[in-house]
Amino acid sequence: GQLLIGHDGKLLRRPAATGKVPPVGVSKACSSCVRTADVKEACTHCDQFVCQNCSRLCSCCNTVTCSLCSTTDYGDVGEQVLCNGCSIFQV
């Protein structure tokens, strides 16, 4: 998930949201196609909501990502979806 900067300047992990229900007034639209997203699906990198059609599963670490936080590798092995965290380790 996304890290926050604390008052002391240290990085803190965002507390895990129970049930992944967005706060009141926050859009439940998919960040990629702007359709209404299932509130249980959120990108593990940017915390934006993604619908089932736009969500991508990283082939390396199996996390749900959006199209902005992932790349598709068309290598010798075939088509692989990699999150931005895992793609930096692929050469």
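By the naming in an unreviewed UniProt entry, the chain is SIVA protein, taken from Ciconia maguari.

The secondary structure content of the chain amounts to one helix and six strands. When the elements of the chain are put in sequence order from the N terminus, they spell out β-β-β-β-β-β-α. The buried share of the chain, taken over its 91 residues, is 21%. In the chain, 18% of the contacts between residues at least 6 apart in sequence involve partners at least 24 apart. Just so you have it, the chain exposes about 6,600 Å², and 54% of that area is on carbon and sulfur atoms.

Let us now look at the side chain of S70. Examined against the element boundaries, S70 turns out to sit in strand β5 (residues 70–75). At 3.3 Å, the side chain of S70 and the side chain of R56 are in polar contact. A polar contact of 2.8 Å, which involves the side chain of S70, links it to the backbone oxygen of C66. Contact partners of S70, with chain neighbours within four places excluded, come to R56, T65, V81, L82, C83 and N84.

Okay, the nonpolar core next. Grouped together as the largest cluster of nonpolar side chains are seven residues: C30, C43, V50, C51, C54, C66 and C69. Ignoring sequence-local partners within four residues, the contact set of C43 consists of Q48, V50, V64, T65, C66 and C69.

This brings us to unusual backbone geometry. Backbone geometry at D47 places phi at a positive 65°, although glycine is not the residue there. Residue position: D47 is located in the loop between β2 (11–13) and β3 (56–57). Of note in the backbone geometry, N62 takes a positive phi value of approximately 60° without being a glycine. Among the secondary structure elements, N62 is positioned in the loop between β3 and β4 (64–65).

Where nonpolar side chains cluster on the molecular surface, the patch consists of L3, I5 and L11 and spans about 330 Å² of accessible area. Turning to its location among the elements, L11 is positioned in strand β2.

Reading guide: rules and limits
- Residues numbered from 1 in each chain as written.
- Predicted model: local features only at pLDDT ≥ 70, side-chain atom pairs only at ≥ 80, totals over all residues.
- Heavy atoms only, no water.
- Helix = DSSP H or I, 4+ residues; strand = E, 2+ residues; numbered from the N terminus.
- Buried < 20%, exposed > 50% of the residue type's maximum accessible area, 1.4 Å probe, protein only.
- Contact = heavy atoms within 4.5 Å.
- Areas by Shrake-Rupley, 256 points an atom, 1.4 Å probe, with all protein chains shown as cover.
- Polar contact = N/O pair within 3.5 Å; in protein donor to acceptor, adjacent residues only side chain to side chain.
- Core = buried A, V, L, I, M, F, W, Y, C linked by side-chain atoms within 4.5 Å.
- Patch = residues over 30% accessible without salt bridge, like charges linked within 9 Å, V, L, I, M, F, W, Y side chains within 5 Å.
- Salt bridge = Lys/Arg side-chain N within 4 Å of Asp/Glu carboxyl O.

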